[in-house]
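# Structural description and commentary
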Amino acid sequence: MLKTKNLLGLRELEKDDINLILDTAESFKEILKRDIKKVPTLRGKPIVNLFFEPSTRTRTSFELAGKYLSADVVNFSKSASSVAKGETLKDTAITIQSMGVELVVIRHPMPGAPHYLAQNLAIPVINAGDGAHEHPTQALLDIFTIREKKGRIKGLKVAIIGDILHSRVARSNIWGLTKLGAEVVVAGPSTLLPPKIETLGVKAYTDIEKAVKDADVVNVLRIQLERQKKGLFPSLREYAMYFGINSRRLNQAKPDVLIMHPGPMNRGIEISSEVAESPNSTINEQVTNGVAVRMAVLYLLSGGGKIDEKGY
Amino acid sequence: MKKVIKGGKVVDPSRGICGIMDVYICNGIVKAVDKNIEVEDAEIINAYGKIVTPGLIDMHVHLREPGFEAKEDIESGSRAAAAGGYTSVACMPNTNPVIDNKTVVRFIKDRAREVHKVNIYAIGAITKGLKGEELAEMADMRAAGAVAFSDDGKPVMNSGLMRRALEYAAMFDVPIISHSEDTNLSADGVINEGRVSAVLGLKGIPAAAEEVMVARDVILSEMTGSRLHIAHVSTKRSVEIIRRAKERGVKVTAEAAPHHFTLTEDSVMSFDTNTKVNPPLRSAEDVEAVKQGLKDGTIDAIATDHAPHTYEDKDTEYDNAAFGISGIETAVPLVITYLINTGVLTLSQAVEKLTINPAKILGINKGSLKPGSDADITIIDLDAKTVVDVNKFESRGKNSPFNRWKLKGSPFMTIVGGRVVWQKEGC
């Protein structure tokens, strides 16, 4: 059983809970290889995906994870701005809870929105990304993938490259990986590194080659094109030249370095196609693992314990 | 109509008085402050064990009327002020309509007269509609009774316009109150830029957003020779800039708000929207510097920046929540607990920053118990045990990050023009 009622972030999640989720995901991954990808574990369990931000991958991943477990998954999409004009987030969520929903997955552009919801709801809340704060299931699937490929987390060097300032993926990865004993470094242009990021227990670099030197894992973040318009860097061309991950820069890393990307990729900008498609790339497997990890999270937060080999 | 406040420790920094004395009030005027005053037929107010000070003055409040009466109005704001121990407040012009012409100044004064609780002074806008584009009719507003000018809540980003505002206001010898914030640096930030913004991913407001504007306005004040007052100083470098300016003889004064000398950015970690305030709660180092600035006199006044909001304004996502703290009813215990009892300020220094200093800055004939003054008096119990309970606030704004805090000290009685306008329950 998990100690936590909600999954709001990896900063507050205990190490034991992280390991339980990862172990459970391992069992669920097996289901994804079956012809009939469905077990009755969460039959009759209504789950809502409450998405206030456009998302295809994460929403689909949660939806499939729920369906593979036989839960009834409903999607609710709304733009945060329309909520500002009308019904509040709290009222929306309480309404949904009153319909009998037993678990809420929320994606919201504002940090802390899932915490606010958790304070106001009796049912478990899963954070599927809140602004630049946390994206715990993405980090869990990243960590799951690393553990699967490398057999361990402790002692590995993980470099996270790109727009750290606006990245919930970076923050969740930092908390999760450092709790499990990895060394984490972050790198990007100085304007995209948050001030005082070192206080999270990482080293920060603006020189990408230094950051990736001897790395076991390089996790490349998506650069959002609108950041350039806000004056955070001069051009995509310059970004690709100085901060993009290509095979030349990767020569600094360990030969068996894992290449990760949370997607969707901007090929030729933060990552070259050559790197994205190299044998060291785990980008597609991350997506598969994402479903397994989300199955584990949905199952455990619904009150499930350790599972048998059938998956229920 | 005679009253004698007996046996209290009178603290009146305007005259350097600090000792056990009685205060004799007749027809709303202080007649005498002396030992063992006996007056026939006078009502006796027992102040043994308490301190008796000139009525407290809060030079920075938002009363929200006209326009935002769901948050506060002049009636509820006056009751809140009295319950906080304040006898005079100066209200900021970010109302609707904005206090940017004499009609609205008169409206505020009329409402204050109707409510008849505490003295209310209007601060007029620097620019029409707080838009930062054209000067508001300052001479007219001054004639109607405005005591200072400010676009509080918004900075005057146009430096040329700020220069003209300082020059123009100097004709009436009233201060321009600067809400120092470079909005290009603060952008759409919601908390201090630092460790907590790095962790929470909330957009940061760097200390520099305040500091560059403090520096700019100090330079403009120096250039024009006009009086400048810096509102809600919150950072170490701001304190330093003001300290150096004062050494050079620049006509600059400054205030600090209780939340900026008691809370750090760490309070935001819970995503409690009651910690959302502008300028934001800063680092521990900044809090220390603000206290140091209060101690050495760089910061002249304590002002609450009382900013009441409705429950709905705060019961939302952090980014969507309104900025501001309902602070007028917690200021006295916070000053006692965090400044006096910790030795940052002596009792006299603290009272000075709550009475005569803001009176001098605003140019109002208040803040003193010298015979002949209006009998605006606050009696304070330094030893009372206070547990903050927002549900007992007189203010409509229950938005306080101090709810349920255990503090030392509390106002005991508030007297305006010889009239008891508030006294502590059970007394």
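Reading the values: rules and limits
- Residues numbered from 1 in each chain as written.
- Chains lettered and ligands numbered in written order.
- Predicted model: local features only at pLDDT ≥ 70, side-chain atom pairs only at ≥ 80, totals over all residues.
- Heavy atoms only, no water.
- Core = buried A, V, L, I, M, F, W, Y, C linked by side-chain atoms within 4.5 Å.
- Buried < 20%, exposed > 50% of the residue type's maximum accessible area, 1.4 Å probe, protein only.
- Helix = DSSP H or I, 4+ residues; strand = E, 2+ residues; numbered from the N terminus.
- Contact = heavy atoms within 4.5 Å.
- Polar contact = N/O pair within 3.5 Å; in protein donor to acceptor, adjacent residues only side chain to side chain.
- Pairing = 2+ DSSP bridges.
- Axes fitted to C-alpha atoms, helices over the stretch in contact; angles between N-to-C directions.
- 1 Å grid on protein atoms, 1.4 Å probe; cavity = no way out; pocket = protein on both sides within 12 Å on 5 of 7 lines; lining within 4 Å.
- Points joined across faces, edges and corners; volume = space filled by probe spheres on them.
- Nonpolar A, V, L, I, M, F, W, Y, C, P; charged D, E, K, R; others polar.
- Domains from an automatic or database assignment.
- Buried area = accessible area lost by both parts, 1.4 Å probe.
- Salt bridge = Lys/Arg side-chain N within 4 Å of Asp/Glu carboxyl O.
- Parallel < 35°, antiparallel > 145°, perpendicular 65-115°, else oblique.
- Left-handed = near helix turned anticlockwise from the far one by under 90°.

Let us now look at the nonpolar core. Residues and elements named next belong to chain A. Formed by 74 residues in total, the largest nonpolar core has its most connected members in Val-105, Ile-126, Leu-140, Ile-146, Ile-160, Met-295 and Leu-298. Here this core gets 10 residues from one element, more than from any other, and that element is helix 13 (residues 283-301). Those residues in contact with Ile-126 that sit more than four places away from it in its chain are Leu-7, Phe-62, Leu-103, Val-104, Val-105, Ile-106, Thr-137, Val-297, Leu-298 and Leu-301.

A separate point is the environment of B:Asp286. Residues and elements named next belong to chain B. Tracing the backbone through its elements, the reader meets Asp-286 in helix 10 (residues 284-296). Judged by its relative accessible area of 10%, Asp-286 is buried. It is 18 Å that separates the C-alpha atoms of Asp-286 and Gly-343, two residues lying 57 residues apart in sequence. There is a polar contact of 2.8 Å between the side chain of Asp-286 and the backbone nitrogen of Lys-236.

To continue, consider the pairing of strand 3 (residues 29-34) of chain B. Residues and elements named next belong to chain B. Bridge count between strand 2 (residues 17-26) and strand 3: five bridges; the pairing is antiparallel. Within strand 3, the position partnered with Val-23 by the bridge is Val-33. Remark: two residues form the turn of the hairpin made by strand 2 and strand 3, two consecutive strands paired antiparallel; Asn-27 in that turn has positive phi of roughly 50°.

Moving on to the sheet that holds strand 14 (residues 252-256) of chain B. Residues and elements named next belong to chain B. With parallel pairing, eight strands are arranged side by side in an open sheet as 6-7-8-9-10-13-14-15. Single-partner strands in this sheet number two, and they are strand 6 (56-61) and strand 15 (301-302). Sheet topology places strand 8 (residues 119-124) next to strand 9 (residues 148-150); two bridges connect them, and they run parallel. Following the sheet pairing, Gly-124 is matched in strand 9 by Phe-149. Across the face of the sheet, helix 7 (residues 207-224) comes into contact with strand 10 (176-178), strand 13 (228-230) and strand 14 while running at roughly 165° to strand 13.

What follows concerns the layout of surface pockets. Here the second largest pocket is characterised by a volume of approximately 620 Å³. Lining the second largest pocket are 26 residues, with B:Asp272, B:Thr273, B:Asn274, B:Tyr311 and B:Lys314 positioned closest to its centre. Elements that contribute at least two residues to the lining of the second largest pocket include exactly helix 5 (113-120) of chain A together with helix 11 (311-314) of chain B. The element that contributes the greatest number of residues to the lining of the second largest pocket is helix 5 of chain A, accounting for four residues. Along the lines of polarity and charge, the residues of the lining of the second largest pocket split into six nonpolar, 13 polar and seven charged. Each of two domains, domain 1 (2-51 + 374-423) and domain 2 (56-362) of chain B, supplies a minimum of three residues to the lining of the second largest pocket.

Take unusual backbone geometry next. Residue A:Pro264 is reached from A:Gly263 by a cis peptide bond, and omega for that bond is -10°. Cis peptide bonds are those with omega within 30 degrees of zero, and the linkage from B:Asn96 to B:Pro97 qualifies with 0°. Summarising the element assignment, B:Pro97 is placed in the loop between strand 7 (86-91) and helix 2 (102-115). Backbone geometry places B:His232, a non-glycine residue, at a positive phi of 25°. Along the chain, B:His232 turns up in the loop between strand 13 and helix 8 (236-248).

Here the focus is the domain arrangement of chain B. All names here are of chain B. Splitting chain B by domain gives domain 1 (2-51 + 374-423) and domain 2 (56-362). Centre-to-centre, using C-alpha coordinates, domain 1 lies 25 Å away from domain 2. Listed as interface residues are 37 residues of domain 1 and, on the opposing side, 48 residues of domain 2. Buried area between domain 1 and domain 2, summed over both chains or domains, comes out near 3,300 Å², and the portion from carbon and sulfur atoms is 63%. Viewed at the interface, domain 2 and domain 1 are joined by two salt bridges. Glu-394 is paired through a salt bridge with Arg-79; the nearest N and O atoms lie 2.8 Å apart. Linking domain 1 with domain 2 are 20 residue pairs in polar contact (both at pLDDT 80 or more), by the criterion used here. Broken down by secondary-structure element, the contributors of at least two residues to the side of domain 1 that touches domain 2 are strand 1 (2-12), strand 16 (377-387), strand 17 (406-416) and strand 18 (419-423). Of the residues forming the side of domain 1 that touches domain 2, the biggest block, eight residues, is contributed by strand 17. Counted by class, the side of domain 1 that touches domain 2 contains 18 nonpolar, 10 polar and nine charged residues.

A few words now on the interface of chain A and chain B. Opposite the 21 residues of chain A that make contact, chain B presents 19 residues. Counting the surface lost from both chain A and chain B, the interface buries some 1,600 Å², and carbon and sulfur atoms represent 58% of this. Of all residues in chain A, the largest losses of buried area upon contact with chain B belong to A:Met110, A:Pro111 and A:Tyr116, amounting jointly to 31% of the total for that side. Across the chain A-chain B interface, the total number found is one salt bridge. Across the salt bridge formed by A:Lys90 and B:Asp315, the nearest N and O atoms sit 2.6 Å from each other.

On to the environment of B:Ile361. Residue and element names in this part refer to chain B. Within the secondary structure layout, Ile-361 lies in helix 14 (residues 356-362). Judged by relative accessible area, which is 5%, Ile-361 ranks as buried. Along the chain, Ile-361 and Val-252 lie 109 residues apart, while their C-alpha atoms are 9.6 Å from each other. Apart from residues no more than four positions distant in its own chain, Ile-361 is found in contact with Met-59, Pro-175, Arg-227, His-229, Thr-253, Asp-300 and Ala-301.

All names here are of chain A. Contact geometry for helix 4 (residues 89-98) and helix 5: axes closest at 10 Å, N-to-C directions at 50°. The orientation of helix 4 relative to helix 5 falls into the category oblique. Relative to helix 5, the crossing made by helix 4 is right-handed. Every residue of helix 5 that contacts helix 4 at Leu-89, Lys-90, Ala-93 and Ile-94 is listed here: Ala-113, Tyr-116, Leu-117 and Asn-120. Its residues placed into classes, the contact of helix 4 with helix 5 shows six nonpolar, one polar and one charged.

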